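# Fold and contact review
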Amino acid sequence: GQYLYAVAEVWRRTGDAAFLRQHWPQVQRVLAWMEALRQSERGAANRAPGRAHLFGLMPPSISHEGYSDKPAYSYWDDFWALRGYKDAVQMAQALGAPEQARQWAVWRDEFQQELQASIGASAAHHGVPFIPGAADRGDFDATSTTMALNPAQAALPPGLLQATFERYWQESLARSQGRRTWKDYTPYELRTVGALTRLGQPERAHAMLDFFFRDQRPRGWNQWAEVVLPDPREPRFLGDMPHAWVASDYVRSALDLLAFDREAEGSLVIGAGLKPEWLREGGVQVQGLSTPHGPLHYALRPEGRGWLLDLPRALEGLPGGLRLRWPEGLTLPRASHQEQPLPWAGRELALPAPPARVVLTAD
């Protein structure tokens, strides 16, 4: 799944059709192999009582490093596999292979349905109110569950999703306030910043960023080690330092603050992680932000009694259009385009197609 996603992302971000054709033979072999793995877990053994929550998943593995003691039915694997199925369908469609695209879409949809059913069944089997890290362990691992939101964008039981990140936030808050003892953590947790942003909780996302930034060591290096200890002088294993995987988690989360795609509705959400003070103190300008729909440009700056949102360039393949998420802590302004009012849906505003200028007037 990771390979399929990597190939698709290079193609989506660059439009390099030759690159996609070069990888197409390998894409077909990888997808066929992944489907064989999926089918290996759809037999009678996983229909038996007490094992139904394992039906249709990827087989046990240790690709999630936390399960190196014993291979596990890790949902980390399944979220990556789902992303791979989705991307394989897109690549087949782009290369004019409709029969493969249709067949792979059937596998994709079946896997998505069985994965969602497994998550609910696994939580019930283990008696837990959250999305488990592994179906056979029933463990809590919000850091790996973030992959369900990005890049997998999986359909999830909403109650379990909300409970997962509510527990993560409460435990993280207790840790940062010194009410919960801890011996170490890994800054892979930076993924949760993007997850909280996508869940409409930007204040929590920024609180987590503040916590993580305090643990950049040594000071001045502007990086994170793989492992953070409460005592920076304690002689213990810290992993790679600087840690590029952690850095990539930070970059992805930071970009989500500015814009992220919402795959199910074919939309691009901008501004979901903007701080109110950023808008009060001069605004925000984004130029050439890479998205699956082309480079994104926008400027949101104070003007008159409110703000002006400038969208200078069109994007492609956005049936759901652009949406502005208004920052928590700021009263919703009145929105208009070409002197015509635009309606808010909660704290989101459906935007006109670029090029456009939207006037946001504070009451």
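Everything below is about the structure shown above.
Given the structure is predicted, the values throughout are model-derived calculations rather than measurements.

Moving on, we come to the sheet that holds strand E7 (residues 334–337). Consider a sheet: its strands pair through backbone hydrogen bonds, and that pairing is either parallel or antiparallel. The antiparallel open sheet is built from six strands, whose spatial order is E3-E4-E5-E11-E7-E8. Looking at which strands have only one partner, the edges of the open sheet turn out to be strand E3 (284–289) and strand E8 (340–342). Strand-to-strand twist of the sheet, defined as the mean angle between neighbouring strand axes without regard to direction, takes the value 25°. Looking at chain direction, E7 and strand E11 (residues 356–361) are connected through four bridges and run antiparallel. When the sheet's bridge partners are listed, Arg334 is paired in E11 with Thr361.

This part takes up helix H9 (residues 244–258). Compared with an ideal rise of 1.5 Å per residue, which puts 15 residues at 21 Å, H9 spans 22 Å between its outermost C-alpha atoms and is within 8% of the ideal. Residues of H9 that are buried: Val246, Asp249, Ser253, Asp256 and Leu257. Buried residues of H9, seen end-on, are gathered within an arc of 110° and therefore sit on one face of the element. Contact partners of the buried residues in H9: helix H7 (191–198), helix H8 (202–213) and strand E1 (259–262).

Enumeration according to the criterion identifies 17 aromatic pairs in this entry. Plain terms: the ring middles of Tyr185 and Phe212 are 6.0 Å apart, the flat faces sit at 45° to each other, and that makes the pair tilted. Residue Tyr185 is located in the loop between helix H6 (158–176) and H7, and its partner Phe212 is located in helix H8; the two are separated by 27 residues in the primary sequence. Classification of Tyr185 as buried rests on a relative accessible area of 5%. Here the aromatic rings of Phe213 and Tyr250 are separated by 5.6 Å at their centres, their planes lie at 80°, and the arrangement is edge-to-face. Remark: Tyr250 occurs in helix H9 and Phe213 occurs in helix H8; sequence separation between them is 37 residues. For Phe213, a relative accessible area of 31% puts it in the partly exposed group. Classification of Tyr250 by relative accessible area gives partly exposed; the value is 25%. Taken together through their ring pairs, the aromatic side chains of Tyr5, Trp76, Trp80, Tyr188 and Trp245 make up a single cluster. The ring of Phe140 carries the charged tip of Arg167 above its face, separated from the ring centre by 4.0 Å.

Turning next to the pattern of salt bridges. In this structure the tally under the stated criterion is 31 salt bridges. Salt-bridge contacts for Arg42 lead to Glu114; the nearest nitrogen and oxygen are separated by 2.8 Å. Note that Arg42 is positioned in the loop between helix H2 (17–40) and helix H3 (75–94) and Glu114 in helix H4 (residues 98–126), a separation of 72 residues in sequence. For the pair Arg42 and Glu114, one class covers both residues: buried. Ionic pairing is found between Asp184 and Arg236, a salt bridge with its closest N-O pair at 2.6 Å. You can see Asp184 sitting in the loop between H6 and H7 and its partner Arg236 sitting in the loop between H8 and H9, a full 52 residues away along the chain. We classify Asp184 as partly exposed; its relative accessible area is 28%. Here the residues in one salt-bridge network are Glu9, Arg12, Arg13, Arg83, Lys86, Asp87 and Glu263, joined through shared partners.

Relative to the helices and strands, Thr186 resides in the loop between H6 and H7. The class of Thr186 is partly exposed, set by a relative accessible area of 24%. Sequence-wise, Thr186 and Gly239 are 53 residues apart; in three dimensions their C-alpha atoms are separated by 9.6 Å. For Thr186, the side chain forms a polar contact with the main-chain oxygen of Glu226, separated by 2.8 Å.

Moving on, we come to the sheet that holds strand E9 (residues 344–345). Read from one edge of the open sheet, five strands run E1-E2-E6-E10-E9, paired in mixed fashion. Two strands in the sheet have a free side with no partner beyond their single neighbour: E1 and E9. In this sheet, strand E6 (residues 321–325) lies alongside strand E2 (residues 267–270) in parallel orientation, the contact comprising four bridges. Bridging across to E6, Val269 finds its partner in Arg323. Each of E1 and E2 touches H9; the most contacted strand, E1, lies at about 85° to it.

To continue, consider the packing of helix H1 (residues 2–14) against H2. Contact geometry for H1 and H2: axes closest at 10 Å, N-to-C directions at 155°. What the angle tells us is that H1 and H2 run roughly antiparallel. In the crossing of H1 with H2, the sense of the turn from one axis to the other is left-handed. Taking contact as the criterion, the partners of Tyr3, Leu4, Val7, Val10 and Trp11 in H1 are, on H2, Phe19, Leu20, His23, Gln26, Val27, Val30, Leu31 and Met34. Split by residue class, the contact of H1 with H2 holds eleven nonpolar, two polar and no charged.

A separate point is the packing of H2 against H3. The interhelical angle for the contact between H2 and H3, taken along N-to-C directions, is 140°, at an axis separation of 10 Å. Taken together, the axis directions place H2 and H3 in an arrangement best described as oblique. Like other packed secondary-structure pairs, H2 and H3 cross with a definite hand, here left-handed. Of the residues in H3, those in contact with Leu20, Trp24, Val27, Leu31, Met34, Glu35 and Arg38 of H2 are Ala81, Gly84, Tyr85, Ala88, Met91, Ala92 and Ala94.

Parameters and conventions
- Residues numbered from 1 in each chain as written.
- Predicted model: local features only at pLDDT ≥ 70, side-chain atom pairs only at ≥ 80, totals over all residues.
- Heavy atoms only, no water.
- Pairing = 2+ DSSP bridges.
- Helix = DSSP H or I, 4+ residues; strand = E, 2+ residues; numbered from the N terminus.
- Axes fitted to C-alpha atoms, helices over the stretch in contact; angles between N-to-C directions.
- Expected span 1.5 Å × (residues − 1).
- Buried < 20%, exposed > 50% of the residue type's maximum accessible area, 1.4 Å probe, protein only.
- Arc of directions from axis to C-beta.
- Contact = heavy atoms within 4.5 Å.
- Phe/Tyr/Trp six-rings, centres within 6.5 Å; stacked < 30°, edge-to-face > 60°.
- Lys NZ or Arg CZ within 6 Å of the ring centre and 35° of its normal.
- Salt bridge = Lys/Arg side-chain N within 4 Å of Asp/Glu carboxyl O.
- Polar contact = N/O pair within 3.5 Å; in protein donor to acceptor, adjacent residues only side chain to side chain.
- Parallel < 35°, antiparallel > 145°, perpendicular 65-115°, else oblique.
- Left-handed = near helix turned anticlockwise from the far one by under 90°.
- Nonpolar A, V, L, I, M, F, W, Y, C, P; charged D, E, K, R; others polar.

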